[in-house]
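Below, each chain spelled out in residue letters.
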Amino acid sequence: MIYLSRPFIGEEEKKAVSKVLDSGFLVQGPVTKAFEDSFAVLCKTKYALACSNGTAALHMALDTLGIKPGDEVITTPLTFVATANSILMAGATPVFADIDPKTYNIDVNQIEKKISRKTKAIIAVDLYGQPADYNAINALAKKHGIFVIEDAAQSVGATYHKKPSGSLADIATFSLYATKNITTGEGGMITTDNAKWYETAKLFRHHDQDEHKKYSYVGLGYNYRMTDIQAAIGRVQLKRLNALTKKRQQIATAFDKGLANIPGIVTPFFEVGNEHVYHQYILRITKEFPLTRDQFRKKLELKGIPTNIYYPVPLYNFKHLISNVNKKEFPITETTIKEIVSLPMHPYLTQKEIQFIINGIKSLAS
Ligand SMILES: *Cc1c(COP(=O)(O)O)cnc(C)c1O
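Summarised in this report is the structure supplied together with it. (Residues numbered from 1 in each chain as written. Predicted model: local features only at pLDDT ≥ 70, side-chain atom pairs only at ≥ 80, totals over all residues. Heavy atoms only, no water.)

**Focus: a positive patch on the surface**
Test applied: Patch membership requires more than 30% relative accessible area and the absence of a salt bridge. Residues of like charge join within 9 Å; the nonpolar side chains Val, Leu, Ile, Met, Phe, Trp and Tyr join within 5 Å. The Shrake-Rupley method, run with a 1.4 Å probe sphere, supplies the accessible areas, and residue values consider only the shown protein chains as cover. Salt bridges, as used here, are contacts in which a Lys or Arg side-chain nitrogen is within 4 Å of a carboxyl oxygen on Asp or Glu. The charge count includes Lys and Arg as positive and Asp and Glu as negative, but it does not include His or the ends of the chains. One atom stands in for each charge, and that atom is NZ of Lys, CZ of Arg, CG of Asp or CD of Glu. The helix and strand labels rest on DSSP assignments: H or I over at least four residues marks a helix, E over at least two residues marks a strand, and numbering proceeds from the N terminus.
Where like charges cluster on the molecular surface, the positive patch consists of Lys-287, Lys-319, Lys-327 and Lys-338. Residue position: Lys-319 is located in the loop between helix 9 (293-302) and helix 10 (331-339).

Structure representation (structure tokens):
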């Protein structure tokens, strides 16, 4: 059976968890701190702060930057719902901007059109493992005096202009959910170079409790802590990251080669010089292909090849996120969402399975 995605867990993770369990100290403690320190090294940032999940990380980042009711935050409609939900969690209003047709990331020219006097921040997402265009996004943000958050949930280990994902904006957020490139089961992280933001986020993670005075609270905080059980897994996963990324990139290269020059199939674009870490491998099935995208998926399923769509519905279609939407503002998202399909992608995929997937797709093309 071919899995669509599967976390890579080995003996070392099991041993590390046992060690924490045997220690009798299960909650957030020294192992979490050690995990954070290694994560900051990976991201080349001064600070990394672990938390309970990627959604909490986004909420923490927005609160830390002072985003509040009445503010607007611009983001992409082609992302996991948590990206936009976090804006509501901070009490602010999500505003969507259309995407780039090649990278599927937010289009900086479309961001500019959506900036108003209420705009306080942009959340760019490194979708499928490929960083957004931060040189352009940061320059635009600077011009307007607004913050940039990098939602790096899918891009751990990626680079943009030689800089690691996690270091590309004011604050970056990661998810360590089971299907992400590295995992702690559930888990999250924020990274930043700003000492004040790091301290603010640290309080927010623990009920906004005064660091020097127990049971004294600075404001409204949450319980967004990680446990040392999770952090123990995370430390081992971080050591594996390079190998796991290489494996994903090798699979992507095999798909790129095997599926090149098939009319109606578009393989993923990647910028030479940047590292794309292929959280997902996305094909586009265009009008030139003999089958529709949905027929393509059904036929592959019958052959035992699972596929999925990330994401089947643009976020501006959800009433809780936005009330009045003019779909004409999102021509690229509208066509993209009908054509994208993601292939199996995880480190356990064998050469045989990869070839089976390529052959299966080729047989549909002729
Ligand atoms: C997974 C993901 C999140 C949410 O992370 P959780 O750990 O599931 O809360 C946010 N944004 C993006 C782009 C994601 O892929």
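After that view, the rundown keeps rolling.
**As for the site of the ligand**
Our working rule: Being near a molecule or strand, for a residue, comes down to having at least one heavy atom within 4 Å of it. Here a polar contact is taken to be a pair of N or O atoms separated by no more than 3.5 Å, where protein atoms must pair a possible hydrogen donor with a possible acceptor and residues adjacent in sequence count only if both atoms sit in side chains. Cavities and pockets were defined on a 1 Å grid built from protein atoms only: a cavity is a group of points that admits a 1.4 Å probe but offers it no way out, a pocket is an open group of points flanked by protein on both sides within 12 Å along at least five of seven lines, and a lining residue is one with an atom within 4 Å of any such point. Criterion for pocket placement: a molecule counts as inside a cavity or pocket if more than half of its atoms are within 2 Å of its grid points. Gly falls in the polar group here, along with every residue not listed as nonpolar (Ala, Val, Leu, Ile, Met, Phe, Trp, Tyr, Cys, Pro) or charged (Asp, Glu, Lys, Arg).
Near the ligand you find 16 residues, and of these Gly-54, Thr-55, Asp-151, Ser-175 and Lys-180 are the closest. Contact distances for the ligand include 3.4 Å between a nitrogen atom and a side-chain N or O atom of Thr-83. Here a nitrogen atom of the ligand sits 2.8 Å away from a polar atom, N or O, in the side chain of Asp-151. Protein chains bury 93% of the 380 Å² of accessible surface belonging to the ligand in isolation. Most atoms of the ligand, that is more than half of them, are within 2 Å of grid points of the largest pocket. Breaking the shell around the ligand down by element, the ones donating at least two residues are helix 3 (54-64) and helix 4 (81-89). Looking at the shell around the ligand, the element that brings in the most residues is helix 3, giving three residues. The class makeup of the residues in the shell around the ligand is six nonpolar, eight polar and two charged.

**Some words on the environment of Gln-209**
Position of Gln-209 relative to the elements: it lies in the loop between helix 7 (195-205) and helix 8 (228-258). The spatial distance from the C-alpha of Gln-209 to the C-alpha of Thr-76 is 33 Å, given a sequence separation of 133 residues.

**Details of the nonpolar core**
Keep this limit in mind: By convention a nonpolar core is built from buried Ala, Val, Leu, Ile, Met, Phe, Trp, Tyr and Cys residues, the set being connected through side-chain atoms within 4.5 Å. For every residue, the accessible area obtained with a 1.4 Å probe (protein chains only) is divided by the maximum for its type, and the residue is called buried under 20%, exposed over 50%, and partly exposed between those limits. It only takes one pair of heavy atoms within 4.5 Å for two residues to be counted as in contact.
Membership of the largest hydrophobic core comes to 25 residues, with the highest contact counts inside it found for Phe-255, Leu-283, Phe-296 and Ile-361. Looking at this core, the elements that each hand over two or more residues are helix 8, strand 11 (281-285), helix 9, strand 12 (340-343) and helix 11 (351-365). With five residues, helix 11 is the single largest residue contributor to this core. Setting aside its immediate chain neighbours within four residues, Ile-361 contacts Leu-259, Ile-265, Leu-283, Phe-289, Phe-296, Leu-300 and Leu-343. By size, the runner-up hydrophobic cluster in this structure holds 24 residues, among which are Leu-58, Leu-65, Ile-87 and Ala-201.

**Focus: the sheet that holds strand 12**
Counted only if it meets this: Strand pairing is defined by DSSP finding a minimum of two bridges between the two strands.
A sheet is described by the order of its strands in space; here three strands give the open sequence 10-11-12, paired in antiparallel fashion. Since the sheet does not close on itself, it has two edges, and those belong to strand 10 (265-266) and strand 12, each with one partner. Bridge count between strand 11 and strand 12: four bridges; the pairing is antiparallel. Bridged to Leu-283 within strand 12 is Val-341.

**Quick word on the packing of aromatic side chains**
Within a pair of aromatic rings, the relevant descriptors are the distance that separates the centres and the angle that separates the planes. Applicable threshold: Only the six-membered ring of Trp is used, alongside the rings of Phe and Tyr, when aromatic pairs are assigned; centres must lie within 6.5 Å, and planes under 30 degrees apart are stacked while those over 60 apart are edge-to-face, with the rest tilted. In this analysis the charged atom, NZ for Lys or CZ for Arg, is taken to sit over a ring once it is within 6 Å of the ring centre and within 35 degrees of the ring normal.
Throughout the structure, instances matching the rule amount to 16 aromatic pairs. Aromatic side chains Phe-80 and Tyr-311 sit 6.3 Å apart centroid to centroid with 40° between the ring planes, which places their arrangement in the tilted category. Of the two residues, Phe-80 sits in the loop between strand 2 (72-75) and helix 4 while Tyr-311 sits in the loop between helix 9 and helix 10, which places them 231 residues apart along the sequence. Here Phe-80 falls in the partly exposed class, since its relative accessible area comes to 45%. Residue class for Tyr-311 comes out buried when judged on its relative accessible area of 13%. A ring pair is formed by Tyr-134 and Tyr-160, whose centres lie 6.0 Å apart and whose planes are at 85°; its orientation type is edge-to-face. Taken as a pair, Tyr-134 in helix 6 (residues 134-144) and Tyr-160 in strand 6 (residues 159-160) lie far apart in primary sequence, 26 residues in all. By the burial criterion, Tyr-134 is buried, and Tyr-160 matches it. Site record: aromatic cluster; members linked through ring pairs are Phe-35, Phe-39 and Phe-174. One residue, Lys-102, lies across the ring of Phe-269, its end atom 4.6 Å from the ring centre.

**With respect to the packing of helix 2 (residues 30-43) against helix 8**
Going by this rule: Axis lines are fitted through C-alpha atoms, for helices just across the contact stretch, and the angle between N-to-C directions can take any value from 0 to 180 degrees. Just so you know how the angles are binned, under 35 degrees is roughly parallel, over 145 roughly antiparallel, 65 to 115 roughly perpendicular, and the rest oblique. Definitions for this section: a left-handed crossing has its near helix turned counterclockwise from the far helix by less than a right angle. A right-handed crossing has that turn clockwise.
The geometry of helix 2 relative to helix 8 is characterised by a closest axis approach of 8 Å and an angle of 30° between their N-to-C directions. Accordingly, the angle class assigned to the pair helix 2 and helix 8 is roughly parallel. Helix 2 and helix 8 meet at a crossing whose hand is left-handed. Side by side, helix 2 and helix 8 meet where Pro-30, Val-31, Thr-32, Ala-34, Phe-35, Ser-38, Phe-39 and Leu-42 of the first sit next to Asp-228, Ala-231, Ala-232, Gly-234, Arg-235, Leu-238 and Leu-241 of the second. The class makeup of the residues in the contact of helix 2 with helix 8 is ten nonpolar, three polar and two charged.

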